[in-house]
Structure formats: structure tokens, C-alpha cells
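# Chain and residue survey
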Amino acid sequence: EAQVTQNPRYLITVTGKKLTVTCSQNMNHEYMSWYRQDPGLGLRQIYYSMNVEVTDKGDVPEGYKVSRKEKRNFPLILESPSPNQTSLYFCASSTAWTGYEQYFGPGTRLTVT
Amino acid sequence: DAKTTQPPSMDCAEGRAANLPCNHSTISGNEYVYWYRQIHSQGPQYIIHGLKNNETNEMASLIITEDRKSSTLILPHATLRDTAVYYCIVREDKIIFGKGTRLHILP
């Protein structure tokens, strides 16, 4: 089954404790991206990757890092999480950056205390 | 800047066609129009996309005006499971999600 998986689905952590949210897709997609969703602000893009070893900032990249060492994986790294990073996070992938639909993961609800 | 304008909410009776409008007056010639929906806090789900011609799939129809400045998503026979937030997106190098239209299906 074609899918995007994220882990963990739920995470409660404390300020400053490094964490990684994993994202994996099994569709051989070149394009992957991370979004965060906050009430009243909609979905905002954090980072995206057009292919292996190619990443770029989205609209709200501050406080986040990503890597794309393999085509299928695109982890989101929070080196020193802060409470303002409490949010619902979605990973997505598509065949290319334009002309194709994006497949979204189920989401990761992160709470930073 | 979402580049699209949608009504914040709409109601539709169950079994009737739901017509969701979207304005994208600044769209450029090579930009696609995409529609996604999000049910509660699940991951957004792709519905349909188009460039110039009208499109139809098993979920919906997309009607794009000739000048491409607006479009309408049509759910032909709305059910309670279609209750969701619907996003109209004009894509260039990245998807920008606006606030969408919250569609309520009334039993």
C-alpha cells in the first residue's frame, strides 16, 4: 500500500531536549516536505526537498533541521525544542514538485513543555 | 500569501451537490489549481487538480473558468463523510495552504 508514515504519532517532551520525527514514503517520490499546522494559521511549510541531498527552507524553518540522505526518508530534527514548536506536524511526498498530487502522512502531535 | 480566496464556511444538504468556489486572480499560465481536504486533524487528502481544462475523477469535478481566475470544486452527491476543510491551492514551487472552506454537510 502506497503510504507516508510518521513516527512518533504523539510526543510530549521538555524544552531543550533534542528530538527527531521520522518520515518515510514507499512510493519512490522525489519531492518531500514538512508542514506544521496551528489553530488559525493553517498549514505552513517548514522545509522541503526536491531530491536526495537537496533541501530548502519553507516559510517557517527557524528552529528546525532536515536531512535527505535517502530518497524514502526525510527526518525533521528539533535540536532544542521550545514551547512555540508545540504543533501538529505533517510530512508529505510527491512524484515531483509540480503537476502531481502530494500524499500526506497521518501527522505527529508534538507538545513541548 | 495563499494566492487564493475561499469562503470560510459553507453548508450543503446531504445528497445534494456541494459547489465550493475559489478565486485565484493572480494565477500564472503554468500554475496548476489543486484541491485538498482535511478531515478533522488527519493528514490532508488530495482530491483533484487541473491546469486549463475541466477535470473529473471518482471523487469530484473541477471547473476552471476560461480566464483561469477562478474555479469550482463540485462534490456531486455530498455525504456526511465529506464534512471537512477544503483547500484550494495554486502551486508554484511549493504548496501554500490558506485557511480553506469548512464544509458542513447537513443531514
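Before going into details, it helps to say that this report is about the structure given with it. (Residues numbered from 1 in each chain as written. Chains lettered and ligands numbered in written order. Predicted model: local features only at pLDDT ≥ 70, side-chain atom pairs only at ≥ 80, totals over all residues. Heavy atoms only, no water.)

## Some remarks on the interface of chain B and chain A
Quick reminder of the rule: The contact rule is simple, with two residues in contact once any of their heavy atoms fall within 4.5 Å. Each of two parts loses accessible area, computed with a 1.4 Å probe, when they are put together; buried area is these two losses added. One speaks of a salt bridge when a side-chain nitrogen belonging to Lys or Arg is within 4 Å of a carboxyl oxygen belonging to Asp or Glu. Polar contact criterion, stated in full: a pair of N or O atoms within 3.5 Å, where within protein one must be able to donate a hydrogen and the other to accept it, and residues adjacent in sequence count only if both atoms are side-chain atoms. Numbering of helices and strands runs from the N terminus; a helix is a DSSP stretch of H or I covering at least four residues, while a strand is a stretch of E covering at least two. Amino acid classes used here: Ala, Val, Leu, Ile, Met, Phe, Trp, Tyr, Cys and Pro are nonpolar; Asp, Glu, Lys and Arg are charged; the rest, including Gly, are polar.
Across the boundary between the two partners, chain B contributes 19 residues, which contact 24 residues of chain A. Between chain B and chain A, a total of about 1700 Å² is buried, with carbon and sulfur atoms accounting for 48% of that surface. The interface formed by chain B and chain A contains zero salt bridges. Connecting chain B to chain A are three residue pairs in polar contact (both at pLDDT 80 or more). Every element with two or more residues in the side of chain B that touches chain A is listed here: strand E3 (32–38), strand E4 (45–50) and strand E8 (84–91) of chain B. Here the residues of the side of chain B that touches chain A sort into eight nonpolar, six polar and five charged.

## Let's talk about the sheet that holds strand E5 (residues 55–56) of chain B
Selection rule: In short, DSSP must find at least two bridges between two strands for them to pair.
Ordered in space as E2-E7-E6-E5 (chain B), the four strands form an open sheet in which the pairing is antiparallel. Only two strands of the sheet have a single neighbouring strand rather than two, namely strand E2 (18–23) and E5 of chain B.

## Observations concerning the nonpolar core
Rule in force here: By convention a nonpolar core is built from buried Ala, Val, Leu, Ile, Met, Phe, Trp, Tyr and Cys residues, the set being connected through side-chain atoms within 4.5 Å. Working definition: with a 1.4 Å probe on protein chains only, accessible area under 20% of the residue-type maximum means buried, over 50% means exposed, and in between means partly exposed.
Core analysis: the biggest nonpolar cluster contains 21 residues, and B:Trp35, B:Leu73, B:Tyr86 and B:Leu103 have the highest contact counts within it. Secondary-structure elements contributing two or more residues to this core are E2, E3, E4, strand E6 (61–64), strand E7 (70–75), E8 and strand E9 (101–106) of chain B.

## Some details on the pattern of salt bridges
If you walk through the whole model with that rule in mind, you get six salt bridges over all chains. Connected via shared salt-bridge partners are A:Lys18, A:Lys65 and A:Glu79.

## Looking at the side chain of B:Ser61
Residues and elements named next belong to chain B. Locating Ser 61 in the fold gives a position in strand E6. Under the relative-accessibility criterion, Ser 61 is labelled buried at 18%. When neighbours within four sequence positions are excluded, Ser 61 is seen to be in contact with Ile 48, Glu 55, Thr 56, Thr 72, Leu 73 and Ile 74.

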